[in-house]
Amino acid sequence: MTHKQVAAFFDLDRTLILGDSQAMELRHILAHEKPSPLFYLKLAGPLFTGILTHLSLVSQESHTLSYMKTYRGQLSRTLLDRGDLLFRKTLRHRFIDQSLDLITGHRQKGHLI
């Protein structure tokens, strides 16, 4: 008989953290980096799909894919450093206590998170 692993999946925004991580990342970039003019041009797509998503004209998935395209051409080290700083300065303070308790419970049971 095969042993099956239990996995727990969690969404980040408004599930694990209070707020919208994309908006937090954008504010972080504007406050801590010197974005190029190309960066601002790349934001046009996600801003437009964000409005359309809010109006229920396109899916959240389409908006997320549009946002992810802003990462094209960036070095992985840049993205890792940004993510680390964003987590330390912003995200870690936004976690919902009950969500952390739930994750801890799954981890103690040996579940894959």
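Think of each chain on its own: its residues are numbered from 1, step by step along the sequence as written. In view of the model being predicted, local features appear only for residues whose pLDDT reaches at least 70, and side-chain atom pairs are presented and counted only at 80 or more, with totals across whole chains, interfaces and linings using the full set of residues. Note: side-chain values were computed over all heavy atoms of the structure, leaving out hydrogens and water.

*Asks:* Help me out: how do you make sense of unusual backbone geometry in this one?
*Replies:* Across residues other than glycine, the phi torsion is negative in most instances, and most of the peptide bonds are trans. Backbone geometry at R14 places phi at a positive 60°, although glycine is not the residue there. When you line up the elements, R14 lands in the segment before α1 (21–32). When accessible area is computed with a 1.4 Å probe and restricted to protein chains, residues below 20% of their type maximum are described as buried, those above 50% as exposed, and intermediate ones as partly exposed. In this structure R14 comes out as exposed when scored by relative accessible area, which is 60%. The phi dihedral of S56 is positive, around 60°, even though this residue is not glycine. Locating S56 in the fold gives a position in the loop between α3 (44–54) and α4 (60–68). Strands here mean DSSP runs of E at least two residues long; helices mean DSSP runs of H or I at least four residues long; both are numbered from the N terminus.

*Asks:* How should α3 be read in this particular structure?
*Replies:* Each α-helix winds once per 3.6 residues, and so residues spaced three or four apart point in a common direction. Among all positions in α3, only P46, T49, L52 and T53 are buried. The buried residues of α3 all sit within an arc of 125° when viewed along its axis, so they share a single face. Set apart from the buried face of α3 by more than 90 degrees, the exposed residues are L47, F48, I51 and H54. Contacts are residue-level and defined by heavy atoms, with any inter-residue pair within 4.5 Å sufficient. Looking at the packing, one finds that the buried side of α3 touches α2 (37–42) and α4. With its phi angle positive at about 60°, S56 sits one or two positions after the end of α3. Taken from the helix axis, the directions to the C-beta atoms give the arc we talk about.

*Asks:* Help me understand α4, please; the structure alone is not making it clear to me.
*Replies:* Within α4, the full set of buried residues consists of H63, S66 and Y67. Buried residues of α4, seen end-on, are gathered within an arc of 100° and therefore sit on one face of the element. In this structure, the buried residues of α4 make contact with α1 and α3.

*Asks:* Looking at this structure, I do not really get the packing of α1 against helix α5 (residues 76–89). What am I missing?
*Replies:* When two helices pack together, their arrangement is given by the angle between the helix axes and by the axis-to-axis distance. Helix axes are fitted only over the stretch in contact, all axes being lines through C-alpha atoms; the angle between N-to-C directions runs from 0 to 180 degrees. Where α1 contacts α5, the two axes come as close as 11 Å, and the packing angle between them is 105°. Of the possible angle classes, the one that applies to α1 and α5 is roughly perpendicular. Each of M24, E25, H28, I29 and H32 in α1 lies in contact with α5, whose residues at this interface are R82, L85, L86 and K89. Each angle gets one of four labels, with under 35 degrees taken as roughly parallel, over 145 as roughly antiparallel, 65 to 115 as roughly perpendicular, and the rest as oblique.

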